[in-house]
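# Summary of the model geometry
Spelled out from the first residue to the last, the chains are:
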Amino acid sequence: MLIRIPQVLSPQALAQVQAALADAEWQDGRLTAGPQASQVKNNEQLAPLAELSRQLQGLVLGALERNTTFFSAALPKRVLPPMFNRYSGAANTYGNHVDQAIRYTPGSGQRVRTDLSCTLFLAEPADYEGGELVIADTYGEQRVKLAAGDMVLYPGTSVHRVEPVTRGARLASFFWIESMVRSDEQRRLLFEMDQALMRLRAEQGECEAAVALTGTYHNLLRMWADT
Ligand code: NI
């Protein structure tokens, strides 16, 4: 399931990130790719442990912590520190690949299983040509190009690519999440139930049915979650 989460970054936070990235020092994206991916990867990234990366990571993680839709959709157990990339000029594309199943947190070396992949768009779509994130899904290919500040969550199991950027620069933050609920199918059921419960509460208040169904939601989460 692909989930779009709009306006993860406030306009102020977005402007701050964009200003910082305008003067950033970029390095070859292949430095963090596995053997298969590095053959098709041609973009640039910030060094994960650079001071600027750390500042921007804090900003993105802070925004995620305040975002209830993100929590409901991802049920995060561990979030890898967000990384930042740029597609422009001659380094402008990333061919079809699947992300590595296990990644290591830079610095601590903690293992994280990549249940969910995440892209937070940081450049306005009008400022670059191409650069769609194309994700193979059970319904066919999904082409994703979102407003700056919006984010897409998709299963780590998906084959995906970034189309060549033929004008301007595509800036994004990307990262992975190990979920408390490993199964995409179970996570989806919980997300749909949580969204429906919010609508029920908005329409009916804390009625008896809402209380009972909230109990069922938590009991399913108790059964499926691994903390
Ligand atoms: Ni990828």
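Residues numbered from 1 in each chain as written. Predicted model: local features only at pLDDT ≥ 70, side-chain atom pairs only at ≥ 80, totals over all residues. Heavy atoms only, no water.

## A look at the side chain of Ser158
The test is simple: For the purposes of this entry, the term helix denotes a DSSP run of H or I that reaches at least four residues, the term strand denotes a run of E that reaches at least two, and both are numbered from the N terminus. Exposure categories follow from relative accessible area, calculated using a 1.4 Å probe and restricted to protein chains: below 20% of the type maximum is buried, above 50% is exposed, and the middle band is partly exposed. Here, residues are in contact when the closest pair of their heavy atoms is within 4.5 Å.
Looking at where Ser158 falls in the secondary structure, it is placed in the loop between strand 14 (151–155) and strand 15 (160–162). For Ser158, a relative accessible area of 7% corresponds to the buried category. When neighbours within four sequence positions are excluded, Ser158 is seen to be in contact with His97, Val98, Ile135 and Ala136.

## A short note on unusual backbone geometry
We note that Gln7 has phi near 50°; this positive angle belongs to a residue other than glycine. Here Gln7 shows up in the loop between strand 1 (3–5) and helix 1 (11–22). What makes Gln7 exposed here is its relative accessible area of 66%. The residue Leu75 is not glycine, and still its phi comes out positive at about 40°. Here Leu75 is to be found in the loop between helix 4 (68–74) and strand 5 (76–79).

## Examining the domain arrangement of the chain
In many analyses, interface size is given as the accessible surface area lost on bringing the parts together. Cut-off, in case you're wondering: Note that domain bounds follow an automatic or database assignment of domains. By buried area we mean the combined loss of accessible area, with a 1.4 Å probe, across both parts when two parts are placed together. A 3.5 Å cut-off defines polar contacts: any pair of N or O atoms within that distance qualifies, except that in protein one atom must be a possible hydrogen donor and the other a possible acceptor, and neighbouring residues in sequence count only when both atoms are side-chain atoms. In this classification, the charged set is Asp, Glu, Lys and Arg, the nonpolar set is Ala, Val, Leu, Ile, Met, Phe, Trp, Tyr, Cys and Pro, and all remaining amino acids, among them Gly, are polar.
Parsing the chain into structural domains produces domain 1 (3–179) and domain 2 (184–224). The gap between the C-alpha centroids of domain 1 and domain 2 is 30 Å. Contact residues are listed per partner, giving 11 residues for domain 1 and 9 residues for domain 2. Together domain 1 and domain 2 conceal approximately 710 Å² of surface at their shared face, both sides included; 61% is due to carbon and sulfur atoms. Counting the contacts that link domain 1 with domain 2 gives 2 residue pairs in polar contact (both at pLDDT 80 or more). Looking at the side of domain 1 that touches domain 2, its residues break down into 7 nonpolar, 3 polar and 1 charged.

## Some points on the packing of helix 1 against helix 3 (residues 51–65)
Our working rule: Axis angles are defined between N-to-C directions and span 0 to 180 degrees, where every axis is a line fitted to C-alpha atoms and, for a helix, only to the segment in contact. Any angle from 65 to 115 degrees is called roughly perpendicular, while one under 35 is roughly parallel, one over 145 is roughly antiparallel, and all others are oblique. Helix crossings get a hand from a simple test, with the near helix turned counterclockwise from the far one by less than a right angle marking a left-handed crossing and a clockwise turn marking a right-handed one.
The geometry of helix 1 relative to helix 3 is characterised by a closest axis approach of 11 Å and an angle of 165° between their N-to-C directions. Judged on the interaxial angle alone, helix 3 and helix 1 are roughly antiparallel. Between helix 1 and helix 3 lies a crossing whose hand is left-handed. Note on element contacts: helix 3 touches helix 1 through Leu52, Leu56 and Leu59, opposite Ala13, Gln16, Val17, Ala20 and Leu21.

## Looking at the coordination of the nickel ion
So the rule is basically this: Only N, O and S atoms count as donors, using a 2.8 Å cut-off from the metal and 3.2 Å for Na, K and Ca, and because water is excluded some sites may appear unfinished.
Taken together, His97 (NE2), Asp99 (OD) and His160 (NE2) make up the full set of protein donors to the nickel ion, lying 2.1 Å away. Along the chain, the residues that donate to the nickel ion are spaced as H-x1-D-x60-H. One end of the pair, Asp99, is in the loop between strand 7 (93–97) and strand 8 (102–104); the other, His160, is in strand 15, and 61 residues separate them in sequence. The class of Asp99 is buried, set by a relative accessible area of 12%. Note on His160: relative accessible area 3%, which makes it buried.

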